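Overview (structure and organization)
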Amino acid sequence: METKNHFMRFLPMSLRGIIVASSYWLLSLSLTVLSGSVAAVLGCIAACYLIDSRIKRPPLISLRTSSIAGGCLLIGVAGYIISSSLVKSALLSNLASPLFAYNVSEFVQWFCISTAITILLRTLAKRTSYGAVVEILFVATAFVITLSAHRNGMIHRPFFIGDYALTRGIDPSTILMTFGSVGVLSLAALLIIESSHKRLLYHFSILGTLCFSLLIYVRLFGLPTPQLTNDLGLTGQEQSGSNSQRENPFRDGENEANDKEAPVAVVVFRDDYESSTGSYYFRESAYSQFNGNILGFTSRDDMDQDLIEQYTQGRTNTEQLPGSEDKRTAVRTTIGMLVSHRTPFGLDSPIAYEDTPNPNNLRFKRTYDAYSLAPEFDFNYLLGREVGRANWSEEVLQEYLTIPDDPRYQQLAASLTESLLPQYENDAFAKAWSIKSYLDENGIYSLKNAHAYESDPAASFLFGDLTGYCMHFAFSATYLFRSLGIPARVGIGYSVPASNRAGGSSLLVQAIHGHAWPEIYFRDVGWVIVDPAPQQTLVDMTTDPQNDLQQLLGDMLRNDTSFEDFLDSQRSSSINITIILNTIYALTVLLLLAAYSIKLYRLWIPRHGNEAAQYRLSYRAILDRLSAIGLHRHYGESREEFAQRIAGDIPTIIKATDNHLASALGKKDIGLENNVRLSDQQWSTLRAAIDKEIKQNVSSGRKVLALINPFSWLLTK
């Protein structure tokens, strides 16, 4: 009895120590070397045993909490001083090596830090009402800090996880989900330990089942994607037809740079191509038809025939090719969408899209090849060229020239082009460049403005403070171009700095790259991007290079045999984490199936078992039903005492218990005529009566937990 009581105290103490120690391990991984992490774990476990076993004994029982806190501070300071001395001392370095001295110093420092913090946390948990909450928050913070770098889809962070996964060809999300599930179970276990030791297995099995359900959900439905801002409405549900009724393109009140790093797609270049403009433009759609208030998506079949506005199976070609093919190069790119997009996009200028097999259904929402005729000409090539397509009808041309009924557009455009040299005064490109230069020099880039809900947001921007973001610049330039008889539209998609490619074949597209720009149609050339670039900006729209993430996603999308060979060459460990994880998944599934099978068998067998064993099989099934709703015998409690304790809710249990004991112990049946054992039918009636009492007296929540918990029968005794 004493040994068992000691074990019951030792089990939660050990479990708590392991859980808290795991938080130290996570926190220390990016802050110290292996010896420091090991020391943090050992110090934590030692402190947990010390406080849990000695806090109510001398001398700790006589010390105030403030005195213990002061002692913890001294331990931490002493650890820092000793660690610094070991590093600076030449004795240890000479006896062993400088690296050994450094490892020892890190061990001492982290052992003292973890010991001091754990002693303080456990003391507060033992002596105050809020201490347990502080301890749980500490563990939660460790997991949050470790995994927070993964937010917004940055799957290669934290680096100690991302780098490990990258060199082994593993999707880091698998490891991160495992960390998350462990974190949830750890926090839940801490809560359970503080409240009740007796129901630990019961609650823990349910939480484990829920965590495993999360893994199954992700396998079936994919990974959750970050909530994006500043995406210009590019992402969302796929369009099945014309999207001319899409919402107001100006989103001033919704634009934030908070999620600017969130990756939305990755592009793999299958052909060599370097942009001459310093950016890679990926066009998704265009605003081209004026609806009386603002430019929107066209509803005409004879406009924007170069765009493909919906996803299709197989290959889809554009109805209209750009001109000047001798000044363009064919480029094939493979695009993997990390977030659902309303329409497909491709490198300027896309001429066809083709579905491709998705190499990673959990990571990519959709994959396809985009075929483009990318421009290689410089802007001088456009001087002296006419505008508009030769086979456009007069109606189509007018659609590309229509602007709001505001004379200020034409007045401003005329004033900006009146100083052109005589040889360029009638040149469309020279006029357009003058307008672009004006916006470059005088416009101010800002996400915070108040133009979106004006009757004409472009006019509010252009004739007001000239402060806005890409949509304002694009609409204003387009209206100014059109006022001079230059057919133009607003293209939307992504603009990614060419430097981000970093010499590789992959290019990461992030939410911040969502962009709008003006386009002009030049005769025999096609739509050409003439994009203003304001020199003044009130918001930092740069992002740190994400080369590792770019390479990782590109390799996932590329799915080449050569990359598999590279991964094989990088595997320095004989342990294959993928096999281990798959084995764990399989064993977990088998364990759950086995548990459910045993549970169902024990409930099923009374209806089909031997009549001589009916008293045992039926009574066990009854106890299983009660255990599932949290009613089971306490340690040292007899079956009669158990029956009396729960008789208020389940009165039939007394009769079932009496008859079971009478049959099991060889006594005459109690309360039965002629002292005959209960028949199968009579035991069936008892089981039905208890089921009815459970239905009437037990809450719905407990009945749901009873249904999904596969291990409830383990509590039957």
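Figured I'd write up the structure that's included with this text. The residue numbering used here restarts from 1 in each chain and proceeds along that chain's sequence as written. Local features in this predicted model are restricted to residues whose pLDDT is 70 or higher, and side-chain atom pairs enter the listing and the counts only when it is 80 or higher, whereas totals over whole chains, interfaces and linings include all residues. As a convention, hydrogens and water are excluded, and side-chain values are obtained from all of the structure's heavy atoms.

**What to know about the pattern of salt bridges**
Each salt bridge in this description consists of a side-chain nitrogen of Lys or Arg and a carboxyl oxygen of Asp or Glu lying within 4 Å of one another. Counting across every chain of the model gives 17 salt bridges. In this structure, D348 and R283 form a salt bridge, with 3.3 Å as the shortest nitrogen-oxygen distance. Taken together, the positions of D348 in the loop between β7 (346-347) and β8 (350-355) and R283 in strand β2 (residues 279-287) put the pair 65 residues apart, joining distant regions of the chain. Judged on exposure class, the residue D348 and its partner R283 are both buried. Between R315 and E354 there is a salt bridge; the shortest N-O distance is 3.9 Å. Pair noted here: R315 is in strand β5 (residues 315-317) and E354 is in strand β8, with a separation of 39 residues, a long-range link. Accessibility expressed as a relative area gives 27% for E354, which makes it partly exposed. Here the residues in one salt-bridge network are R283, D304, D306, D348, R489 and E519, joined through shared partners. The helix and strand labels rest on DSSP assignments: H or I over at least four residues marks a helix, E over at least two residues marks a strand, and numbering proceeds from the N terminus. In this scheme, a residue with accessible area under 20% of its type's maximum is buried, one over 50% is exposed, and one in between is partly exposed, where area comes from a 1.4 Å probe on protein chains only.

**What to know about the environment of W527**
By the element assignment, W527 lies in strand β15 (residues 526-529). Since its relative accessible area comes to 6%, W527 is described here as buried. W527 sits 140 residues away from V387 along the chain, and the two C-alpha atoms are 9.8 Å apart. Any two residues whose heavy atoms approach within 4.5 Å at even a single point are treated as in contact. Aside from chain neighbours lying at most four places away, what touches W527 is R283, D306, R328, S349, W392, Y400, P487, A488, R489, E519, I520 and Y521.

**A closer look at the packing of helix α20 (residues 652-664) against helix α21 (residues 680-697)**
Here the axes come from fitting lines to C-alpha atoms, over the contacting stretch only for helices, and the angles between their N-to-C directions go from 0 to 180 degrees. Between α20 and α21, whose axes approach to 9 Å, the crossing angle comes to 150°. Judged by the inter-axis angle, α20 sits roughly antiparallel to α21. When you trace α20 past α21, the crossing you get is left-handed. Mapping the contact onto sequence places T652, I653, K655, A656, N659 and H660 in α20 and W683, L686, A689, I690 and E693 in α21. Any angle between 65 and 115 degrees counts as roughly perpendicular, while under 35 counts as roughly parallel, over 145 as roughly antiparallel, and the rest as oblique. Crossings are assigned a handedness: left-handed for a near helix turned anticlockwise from the far helix by less than a right angle, right-handed for a clockwise turn.

**Examining the pairing of strand β1 (residues 263-269)**
Of all the 7 residues making up β1, 7 are buried; the element is thus mostly covered by neighbouring parts of the structure. Note that β1 and strand β13 (residues 506-510) share 5 bridges and pair antiparallel. Bridging from a neighbouring strand, V267 pairs with L507 of β13. The criterion for strand pairing is that DSSP finds at least two bridges linking the strands in question. Strand direction decides the pairing type here: β1 and strand β6 (residues 328-337), joined by 5 bridges, are antiparallel. For V267, the partnering residue across the bridge sits in β6 and is I335.

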